[in-house]
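Results of the structural survey
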Amino acid sequence: MSGAEKIAVTVTDIVPLNDLVTRFEFKRTDGGLLPTFSGGAHTVVEMRDTSNGGDITRMNPYSLMSDPMDQSAYTISVRRDDEGRGGSLFMHNNVKVGDQMVVSNPVNLFSLDLLAKKHLFLAGGIGITPFLAQIKQLERFNGNWELHYACRNAALGSYVDELTDHYPNATHVYYDDNDQRIDLVNLLDGQPLGTHIYVCGPKGMIDWVRKTAAGEGWPRESIHYEEFLAPQSGKPFEVKLAVSNIVIQVGEQESLLEAIERAGVDAPYLCRGGACGQCETQVIDYTGNFIHRDHWLDDAEHASGDKIMPCVSRFEGKVLVLDR
Amino acid sequence: MTIQFNDETFRDDYSFKNSDWAIKRFPFPFHEDSYMYSVNMEQHRGGPDGSIYEKRFDVDEHYVSEMRDRAMVLADDPLRCQSLPHMTLAGWDLLELIMVSKSEDYPDLFELHRNGDKWRWVNKPMGIDDSFTFLDEATLPYGPMEYITRQTQGDFCVLDQRDDNLWMDAGMITTQADWSLDFDIGMNFFEWHAPVPLAHEKGIFVRALKFLLSIQQGAPARRLNWTMTVNPLLDTSPENYHKWGIQKTSVTPENIGAKQHLRVELQTFFRLPRSNALVFPIRCYLCCFDDLMSVPKWGRRLHRVIRDLPEELATYKGFIDNRPMMLDYLSAFDDGQPTSMGIWPDRDTEPPLKT
């Protein structure tokens with residue numbers, strides 16, 4: 001069985017926060033306690049979609065935003081992606097209070113570095129969610145943190161009010177529509193020694209923060225980031241799985257990993273968002289071009305044609321043979 | 001099941017002994033007639049009834065005496081237990097994991113009563129009944145890691161995970177196979193494994209680290225490791241080498257069966273939820289050659305493994321000088337018959353020794 005351990009849960013609360021973001025609360029269906037977790041952890045939510053006579057299971061990672069100490073319920077916030085393959089739309093449109101769903105045990109790929117003297121959080125949009133859990137964890141132990149949160153405008157600023165109410169001195173909010181920008185170079189310049197930077201948000205923001213901090217001389221191990229990618233649709237393609245000795249078709253709306261699973265082949269995974277490295281798969285032969293989208297392999301590995309991350313990457317061409 | 005705890009020593013007069021029950025469940029580490037390093041990991045989710053794999057933290061007849069020996073080691077050398085300041089939360093994680101596991105797995109021996117943060121822990125074999133506030137160190141007589149590992153068999157490495165590596169940032173190490181926590185504290189995975197021969201070249205540690213970094217909550221793993229120890233010593237530390245190293249020269253053809261012990265480590269790995277650290281318990285089981293030879297399959301196999309082991313490994317494991325004497329002894333228990341695969345004794349199916 002691949003992926004983290006699964007937990008049967010019931011949807012106990014759904015709260016629309018604004019035009020784009022809705023919060024979901026899950027409790028264990030058997031009434032028991034959920035595992036504790038560390039701030040920054042995510043859970044993979046299984047969405048079984050039987051609408052329109054189909055039967056598709058999507059599995060998307062979402063950061064846990066509830067208090068890591070609270071074992072009674074998990075909460076996540078889901079931003080609606082009208083352009084995506086439908087996972088977030090399914091959550092927004094189909095999921096109702098009382099529905100039974102399956103989530104994974106928490107997995108943390110964006111952990112706090114507990115050696116840090118100070119934690120500097122940089123959030124963009126829905127990237128605020130892992131920080132909500134990390135802030136609760138740090139508050140429990142009197143940790144030193146500061147949040148800089150950029151969002152489009154006040155109407156779309158999820159959790160801005162509660163953050164500024166509870167932590168007025170540690171929370172700094174920037175609205176794009178008001179031309180407010182994080183003054184990153186100055187912000188970094190003023191940090192005490194031993195500060196760690198954590199950034200979660202759109203790819204452009206992550207790249208900007210990593211590049212700026214590196215340019216200012218920050219050590220690589222003091223900069224932490226997390227961006228989950230959603231698989232993207234693309235042209236259908238055919239793949240031979242050499243170990244299983246079968247040929248499968250990857251449809252326009254499904255990922256390579258989903259197609260492998262649909263064929264009944266157990267393939268390893270954890271995050272399903274191109275970050276954790278678990279689904280790394282050896283390429284045995286190919287004629288065509290890879291569409292690599294993961295954060296795991298480096299540029300040289302992408303160019304080599306030896307490996308693919310089937311959770312988010314695709315292929316266009318005649319022949320693709322995988323060691324699976 | 002009620003366990004009869006032995007009153008025994010692991011030093012001086014060495015009154016340690018294994019009952020028939022303990023011999024039968026001894027974790028013989030060789031699944032075939034030869035040995036080489038491998039990342040021989042499997043999921044740690046129970047095992048055959050009564051086996052050392054059955055419970056998350058195995059408790060056996062040596063429990064009370066082992067804890068007494070640990071207390072003596074710590075009294076002589078407090079640096080055997082260390083926890084860097086950022087590891088306190090991981091210590092609480094470990095305390096919670098062990099208390100929950102033991103109270104569920106051995107309800108007749110251990111009780112955990114929780115009312116919010118107010119916890120009461122009852123350890124009947126050791127006569128402990130303590131109430132404390134979870135996550136408040138001031139309410140325990142030791143730090144959380146030290147408190148619970150003074151009551152749990154096996155050494156404990158608590159590894160911080162950061163920068164795609166594991167760091168030896170806390171531990172309770174009193175039953176070790178010749179390595180030092182005080183030397184390794186703060187080292188990363190490759191640094192503390194630097195002395196191991198052959199395995200680096202085989203890429204073992206790169207693969208092992210990748211595996212360990214991805215161990216997830218609720219999915220612990222395990223493997224066996226082994227070495228040799230003369231006399232049933234738990235504390236074979238570098239700090240005390242001057243005391244136990246010399247004992248390796250006390251082995252004679254007459255006493256080797258009683259003095260020479262196979263030392264097996266059950267190594268398990270658990271992700272700790274609140275800290276995202278990893279705990280690596282290393283549980284030591286000792287069995288003398290005479291007792292091992294009561295199982296025909298183990299007699300045949302141990303002879304073949306020790307005979308064919310590469311010199312580097314026999315040197316690293318510290319028995320190269322005594323190997324000829326071991327082989328003289330062991331060869332009498334190898335009649336050349338084939339052995340069944342796997343580590344289990346198979347007493348009902350393996351033929352007795354041909355004499």
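The structure displayed is predicted, hence computed values, not measured ones.

Okay, the overall build of chain B next. In terms of regular secondary structure, chain B is built from 13 helices and 10 strands. Restricting the contact set of chain B to residue pairs at least 6 apart, pairs at least 24 apart contribute 71%. With the model as given, the accessible surface of chain B reaches about 14500 Å², and the carbon-plus-sulfur share is 53%. Taking the average location of the 38 positive side-chain charges in chain B and that of its 55 negative ones, the two points are 4 Å from each other.

All names here are of chain A. Locating G54 in the fold gives a position in the loop between strand 3 (41-49) and strand 4 (56-63). Residue class for G54 comes out partly exposed when judged on its relative accessible area of 31%. In the structure, G54 is positioned 143 residues away from I197 in sequence and 44 Å away in space, judged by C-alpha atoms.

A separate point is the sheet that holds strand 17 (residues 314-322) of chain A. All names here are of chain A. The five strands lie next to each other as 14-13-17-15-16, forming an open sheet whose pairing is mixed. The two strands at the open ends of the sheet, each matched to only one other strand, are strand 14 (246-250) and strand 16 (307-308). Where strand 13 (residues 237-241) lies against strand 14, five bridges are found, and the strand directions are antiparallel. Its bridge partner being in strand 14, L241 is matched across the sheet by I246.

This part is about the packing of aromatic side chains. Residues and elements named next belong to chain A. The tally for this structure, following the rule as stated, stands at 37 aromatic pairs over all chains. Ring geometry for F37 against Y74: centres 5.6 Å apart, planes inclined by 85 degrees, an arrangement best described as edge-to-face. Note that F37 is positioned in the loop between strand 2 (21-28) and strand 3 and Y74 in strand 5 (residues 74-79), a separation of 37 residues in sequence. Across the pair, exposure class does not vary: F37 and Y74 are buried alike. When the ring of F110 is compared with that of Y198, the centres are 6.2 Å apart and the planes differ by 80 degrees; the resulting orientation is edge-to-face.

It is worth spelling out the interface of chain B and chain A at this point. Taken together, the contacts link 18 residues of chain B with 24 residues of chain A. Surface buried jointly by chain B and chain A totals about 1900 Å² across both partners, of which 48% is contributed by carbon and sulfur atoms. Area buried by chain B at its contact with chain A is led by Q216, Q217 and R274 of chain B, which between them contribute 30% of it. Residue E5 of chain A is joined to R45 of chain B by a salt bridge in which the shortest nitrogen-to-oxygen separation is 3.0 Å.

Moving on, we come to the nonpolar core. Residues and elements named next belong to chain B. Counting residues in each nonpolar core, the largest one holds 60 residues, and the members touching the most others are L166, W226, M228, L262, L292, L302 and I306. The biggest single contributor to this core is helix 7 (residues 204-213), with six residues. Those residues in contact with L302, other than ones at most four positions away along the chain, are F28, F30, M228, L262, F289, L292, M293 and L330. The next biggest cluster of nonpolar side chains, apart from the first, holds 38 residues, and it includes M99, L112, F134 and Y147.

Residues and elements named next belong to chain A. Here the domain parsing of chain A yields domain 1 (6-107), domain 2 (118-226) and domain 3 (237-322). A separation of 26 Å is found between the C-alpha centroids of domain 1 and domain 3. Residue-level contacts link nine residues of domain 1 with nine residues of domain 3. Of the roughly 690 Å² buried at the junction of domain 1 and domain 3 (both faces included), carbon and sulfur atoms supply 49%. At the junction of domain 1 with domain 3, the criterion picks out zero salt bridges. Of all the secondary-structure elements, those providing two or more residues to the side of domain 1 that touches domain 3 are strand 3 and strand 4. Looking at the side of domain 1 that touches domain 3 element by element, the count peaks at four residues for strand 4. Taken together, the residues that form the side of domain 1 that touches domain 3 break down as four nonpolar, two polar and three charged.

About the thresholds
Residues numbered from 1 in each chain as written. Chains lettered and ligands numbered in written order. Predicted model: local features only at pLDDT ≥ 70, side-chain atom pairs only at ≥ 80, totals over all residues. Heavy atoms only, no water. Helix = DSSP H or I, 4+ residues; strand = E, 2+ residues; numbered from the N terminus. Contact = heavy atoms within 4.5 Å. Areas by Shrake-Rupley, 256 points an atom, 1.4 Å probe, with all protein chains shown as cover. Lys, Arg positive; Asp, Glu negative; His and termini not counted. Charge placed at Lys NZ, Arg CZ, Asp CG, Glu CD. Buried < 20%, exposed > 50% of the residue type's maximum accessible area, 1.4 Å probe, protein only. Pairing = 2+ DSSP bridges. Phe/Tyr/Trp six-rings, centres within 6.5 Å; stacked < 30°, edge-to-face > 60°. Buried area = accessible area lost by both parts, 1.4 Å probe. Salt bridge = Lys/Arg side-chain N within 4 Å of Asp/Glu carboxyl O. Core = buried A, V, L, I, M, F, W, Y, C linked by side-chain atoms within 4.5 Å. Domains from an automatic or database assignment. Nonpolar A, V, L, I, M, F, W, Y, C, P; charged D, E, K, R; others polar.

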